There are 2 protein chains.
Amino acid sequence: MRIPSHIGIIPDGNRRWAQKNGMEKHQGYHFGLKPGLELLHLAKEYGIKEITYYGFTTDNCKRPAKQLEAFSKSCVEAVQLIAADGVSLLVVGNSQSPAFPSELKPYTVRTDINGGGIKVNFLVNYGWEWDLSSIGENGNSREKIFENLQSNDISRIDLVIRWGGMRRLSGFLPVQSVYADFYVVDSMWPDFIPQEFYNAMTWYDKQDVTLGG
Amino acid sequence: MRIPSHIGIIPDGNRRWAQKNGMEKHQGYHFGLKPGLELLHLAKEYGIKEITYYGFTTDNCKRPAKQLEAFSKSCVEAVQLIAADGVSLLVVGNSQSPAFPSELKPYTVRTDINGGGIKVNFLVNYGWEWDLSSIGENGNSREKIFENLQSNDISRIDLVIRWGGMRRLSGFLPVQSVYADFYVVDSMWPDFIPQEFYNAMTWYDKQDVTLGG
């Protein structure tokens with residue numbers, strides 16, 4: 001079976017899930033924590049080398065304060081859960097802004113935890129324009145562009161899996177995703193079941209990697 | 001009905017279509033010309049304001065010479081067909097390279113033809129790294145990034161439609177596509193039928209535009 005080296009995870013649908021289950025929108029984020037850890041363990045089992053989670057973005061910060069507080073808190077808790085595992089952890093985002101949770105500052109430098117292992121990147125207060133802002137005009141090679149991204153420690157993505165039914169990237173790592181295959185799960189992220197991950201892997205196995213060639 | 005302002009078209013599957021129909025791979029491109037014009041007329045009927053076709057890329061140029069010649073010729077013919085219509089036409093790509101067909105040089109400046117009308121952008125010898133190479137380090141606002149792209153006369157894309165079943169962008173305008181909805185048609189581009197366009201429009205109508213918010 002052909003396994004992706006690097007998967008991107010867009011864990012969407014938390015607010016819709018909350019409403020469907022009789023809660024307020026902002027209460028949904030908390031229920032995305034367990035799926036995040038479960039998925040990490042599956043990725044490790046499959047020998048995936050790198051996983052990037054879409055935490056929250058500068059775009060998301062335009063939402064009501066109650067939601068902002070809730071998703072920020074959930075991201076902190078998610079990173080802390082991951083940091084109790086064996087991983088090589090990096091939080092990527094604009095940490096100069098007040099929207100960046102101070103608890104996560106120590107993780108803005110890649111840290112091997114419990115012996116290291118799978119590279120886990122967690123995007124927090126990430127913005128695609130922030131990411132591209134440092135590309136510079138120093139030559140147009142791919143290597144140079146990758147080197148100069150704010151997210152330059154995140155490698156090319158093979159497969160993006162998005163929960164919640166939307167078929168869009170919503171600003172997720174535009175450079176790393178240029179050749180990525182895109183798999184959409186219709187159910188909401190808090191309803192995550194392992195079968196969805198297996199299906200994505202089976203689908204990916206049948207894709208033809210061309211890198212645009 | 002909510003109509004996208006700007007649609008991106010990835011007309012994939014020409015080579016697979018050729019093989020399925022007992023031809024050599026490179027013979028497929030020619031059969032993509034008629035669909036391209038048909039789609040343009042449908043887009044005009046729907047009041048779509050801008051359409052961008054993915055012609056060929058610098059990545060594609062790594063293919064065998066026979067294919068390169070064939071897709072380059074088909075892109076020239078496609079642009080010439082479009083240029084006989086009422087459009088505001090622009091060809092975007094690295095025109096400094098020998099792979100750029102000289103017949104298309106006049107269209108690298110936007111030209112209103114037969115009274116102008118819908119903006120039609122046609123990517124020829126396009127490379128995402130070429131596109132991003134001029135972003136510069138002059139501030140990280142979205143406006144500045146858009147302004148400094150090589151493709152700065154192409155606006156944000158609402159909906160990308162890809163034929164041929166692959167679920168990936170393959171380097172298609174990474175900045176303009178950050179918030180785009182992505183619709184995949186399983187059949188091959190030369191088999192295009194209007195119903196596929198109608199289905200894409202109906203699907204798009206049900207999507208919720210958030211621009212990442």
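For the structure, see preceding data.
This is a predicted model, so every value here is computed, not measured.

Cut-offs and rules
- For every chain, the first residue of the written sequence is number 1, and numbering continues from 1 onward in sequence order.
- Lettering for chains starts from A, numbering for ligands starts from 1, and both go in the order in which the items are written.
- Totals for whole chains, interfaces and linings use every residue, but because this is a predicted model, local features are given only for residues with pLDDT of at least 70 and side-chain atom pairs only at 80 or more, for both listing and counting.
- Side-chain figures throughout are based on the complete set of non-hydrogen atoms in the structure, without hydrogens or water.
- Using only the protein atoms, space was sampled on a 1 Å grid; points where a 1.4 Å probe fits but cannot get out form cavities, open sets with protein on both sides within 12 Å along at least five of seven lines form pockets, and lining residues are those with an atom within 4 Å of a point.
- Grid points are joined across faces, edges and corners, and a volume is the space filled by probe spheres set on the points.
- Only Asp, Glu, Lys and Arg are considered charged, only Ala, Val, Leu, Ile, Met, Phe, Trp, Tyr, Cys and Pro nonpolar, and every remaining residue, Gly among them, polar.
- For two strands to count as paired, DSSP must find a minimum of two bridges between them.
- Put simply, DSSP marks the helices as runs of H or I at least four residues long and the strands as runs of E at least two long, and each gets a number from the N terminus on.
- Inter-axis angles, ranging from 0 to 180 degrees, are taken between N-to-C directions of lines fitted to C-alpha atoms, where helices are fitted over the stretch in contact.
- It only takes one pair of heavy atoms within 4.5 Å for two residues to be counted as in contact.
- Put simply, buried Ala, Val, Leu, Ile, Met, Phe, Trp, Tyr and Cys residues joined by side-chain atoms within 4.5 Å make one nonpolar core.
- Any residue under 20% of the maximum accessible area for its type is buried, any over 50% is exposed, and the rest in between are partly exposed; the area is computed with a 1.4 Å probe on protein chains only.
- Two rings belonging to Phe, Tyr or Trp (six-membered ring only in the last case) form a pair when the distance between their centres is within 6.5 Å. Interplanar angles under 30 degrees mark stacking, angles over 60 mark edge-to-face geometry, and anything in between is tilted.
- The labels follow the angle: roughly parallel below 35 degrees, roughly antiparallel above 145, roughly perpendicular from 65 to 115, and oblique for the rest.
- Crossing handedness is read from the near helix: turned anticlockwise from the far helix by less than a right angle, it gives a left-handed crossing, and turned clockwise, a right-handed one.
- Accessible area that two parts lose when put together, with a 1.4 Å probe and added across both, is what the buried area reports.
- Salt-bridge detection follows one rule: a side-chain nitrogen of Lys or Arg within 4 Å of a carboxyl oxygen of Asp or Glu.
- Pairs of N or O atoms are called polar contacts if they sit within 3.5 Å, as long as, within protein, a hydrogen donor faces a hydrogen acceptor (for residues adjacent in sequence, only side-chain-to-side-chain pairs).
- The superposition of copies rests on a least-squares fit of C-alpha positions from residues with pLDDT of 70 or more in both.

K.L.:
So, empty space enclosed by the protein: which residues are in play, and what are the values?
P.N.:
Inspection of the entire model under this criterion finds four cavities of 30 Å³ or more. Roughly 110 Å³ of volume is contained in the largest cavity. Lining the largest cavity we find 13 residues, and of these L169 and F182 of chain A together with R168, L169 and F182 of chain B sit closest to its centre. Counted by class, the lining of the largest cavity contains eight nonpolar, two polar and three charged residues.

K.L.:
Got a sec to walk through the sheet that holds strand β3 (residues 87-92) of chain A? Specific residues and values, please.
P.N.:
Think of a sheet as strands paired side by side through backbone hydrogen bonds, with each pair either parallel or antiparallel. Residue and element names in this part refer to chain A. The strand order across the open sheet formed by seven strands is β4-β3-β5-β2-β1-β6-β7, and the pairing between neighbours is mixed. The outermost strands of the open sheet, each flanked by one partner alone, are β4 (111-113) and β7 (181-185). Mean inter-strand twist for the sheet, computed between neighbouring axes without regard to direction, equals 20°. Relative to strand β5 (residues 119-126), strand β2 (residues 50-57) is paired through seven bridges, and the arrangement is parallel. By the bridge assignment, F56 is partnered in β5 with V124. Of the strands in this sheet, β1 (6-11), β2, β3, β5 and β6 (159-163) are in contact with helix α2 (residues 33-45), which crosses β2 at around 160°. Along the sheet face, helix α6 (residues 194-205) touches β1, β6 and β7 and points at about 150° away from the line of β7.

K.L.:
Would you mind going over the nonpolar core in detail, with residue names and values included?
P.N.:
One finds W128, L132 and F172 of chain A together with W128, L132 and F172 of chain B to be the most contacted residues of the largest nonpolar core, which totals 50 residues. Excluding residues that lie within four positions of it along the chain, F172 of chain A makes contacts with G8, I9, I10, T52, Y54, L123, I157, V160 and S177 of chain A.

K.L.:
Go over the packing of aromatic side chains with me, naming the residues and quoting the values.
P.N.:
Remark: the centre distance and the inter-plane angle together describe each pair of aromatic rings, the angle taken between the planes. Residues and elements named next belong to chain B. Scanning the model with the defined rule gives 32 aromatic pairs over all chains in all. For the ring pair W163 and F192, a centre distance of 5.6 Å and an interplane angle of 65° mean the geometry is edge-to-face. Remark: F192 occurs in the loop between β7 (181-185) and α6 (194-205) and W163 occurs in strand β6 (residues 159-163); sequence separation between them is 29 residues. For W163, a relative accessible area of 0% gives the class buried.

K.L.:
Report on the sheet that holds strand β1 (residues 6-11) of chain B, specifying residues and quantitative values.
P.N.:
Residue and element names in this part refer to chain B. The seven strands lie next to each other as β4-β3-β5-β2-β1-β6-β7, forming an open sheet whose pairing is mixed. Strand pairing shows two members of the sheet lacking a second neighbour, β4 (111-113) and β7, which therefore form its edges. The average undirected angle you get between the axes of adjacent strands in this sheet is 20°. Sheet topology note: the β6/β7 ladder contains five bridges and is parallel. Looking at β7, one finds that L159 is bridged to D181. Packing of helix α3 (residues 65-82) onto the sheet brings it into contact with β2 (50-57), β3 (87-92) and β5 (119-126), and relative to β5 it is tilted by some 165°. Across the sheet, α6 touches β1, β6 and β7, and the angle it forms with β7 is around 150°.

K.L.:
Tell me about the packing of α2 of chain A against helix α3 (residues 65-82) of chain A, and name the residues and values.
P.N.:
Residue and element names in this part refer to chain A. At their nearest, the axes of α2 and α3 sit 10 Å apart, and the two run at 30° to each other. Taken together, α2 and α3 sit at an angle that is classed as roughly parallel. Of the two elements, α2 crosses α3, and the hand of that crossing is right-handed. Contacts between α2 and α3 pair L33, L37 and L40 from the former with S74, E77, A78, L81 and I82 from the latter. Class assignment for the residues of the contact of α2 with α3 results in six nonpolar, one polar and one charged.

K.L.:
For unusual backbone geometry, give the residues involved together with the corresponding values.
P.N.:
Its identity is not glycine, yet L173 of chain A carries a phi of approximately 30°, on the positive side. The residue L173 of chain A is located in the loop between β6 and β7 in this model. Even without being a glycine, N114 of chain B presents a positive backbone phi close to 50°. Looking at where N114 of chain B falls in the secondary structure, it is placed in the loop between β4 and β5.

K.L.:
Explain the interface of chain A and chain B residue by residue, including any values.
P.N.:
Across the boundary between the two partners, chain A contributes 41 residues, which contact 40 residues of chain B. Where chain A abuts chain B, roughly 3,600 Å² becomes buried across the two surfaces, and 52% of that area is made up of carbon and sulfur atoms. The largest share of the area that chain A buries against chain B comes from W128, R167 and R168 of chain A, three residues that together contribute 20% of it. Its salt-bridge partner being R142 of chain B, residue E129 of chain A comes within 3.2 Å of it at the nearest N-O pair. Taken together, the connections running from chain A to chain B amount to 19 residue pairs in polar contact (both at pLDDT 80 or more). Looking at the side of chain A that touches chain B, the elements that each hand over two or more residues are α4 (128-132), α5 (142-148) and β7 of chain A. Per-class residue counts for the side of chain A that touches chain B are 19 nonpolar, 12 polar and 10 charged.

K.L.:
Can you break down the relation of the copies chain A and chain B residue by residue, with the values?
P.N.:
Mapping chain A onto chain B calls for a rotation angle of 180° and an axial translation of 0.0 Å; the resulting RMSD is 0.0 Å. The two molecules are tied by a two-fold rotation axis, judged by turn and shift. Scanning chain A for the C-alpha nearest the rotation axis identifies G136 of chain A, at a separation of 2.0 Å. When the interface residues of chain A are mapped onto chain B, 98% of them are again interface residues, pointing to one common binding face.

K.L.:
Explain the pairing of β5 of chain A to me, using residue names and the numbers behind them.
P.N.:
All names here are of chain A. A large share of β5 lies buried, amounting to seven of its eight residues. In terms of strand pairing, β3 meets β5 through five bridges, oriented parallel. Counted as the bridge partner of L90 is N121 from β5.

K.L.:
Could you give an account of the pattern of salt bridges, with specific residues and numbers?
P.N.:
Scanning the model with the defined rule gives 30 salt bridges over all chains in all. Within this structure, E50, R110, K119 and D153 of chain A form a network of salt bridges that share partners.

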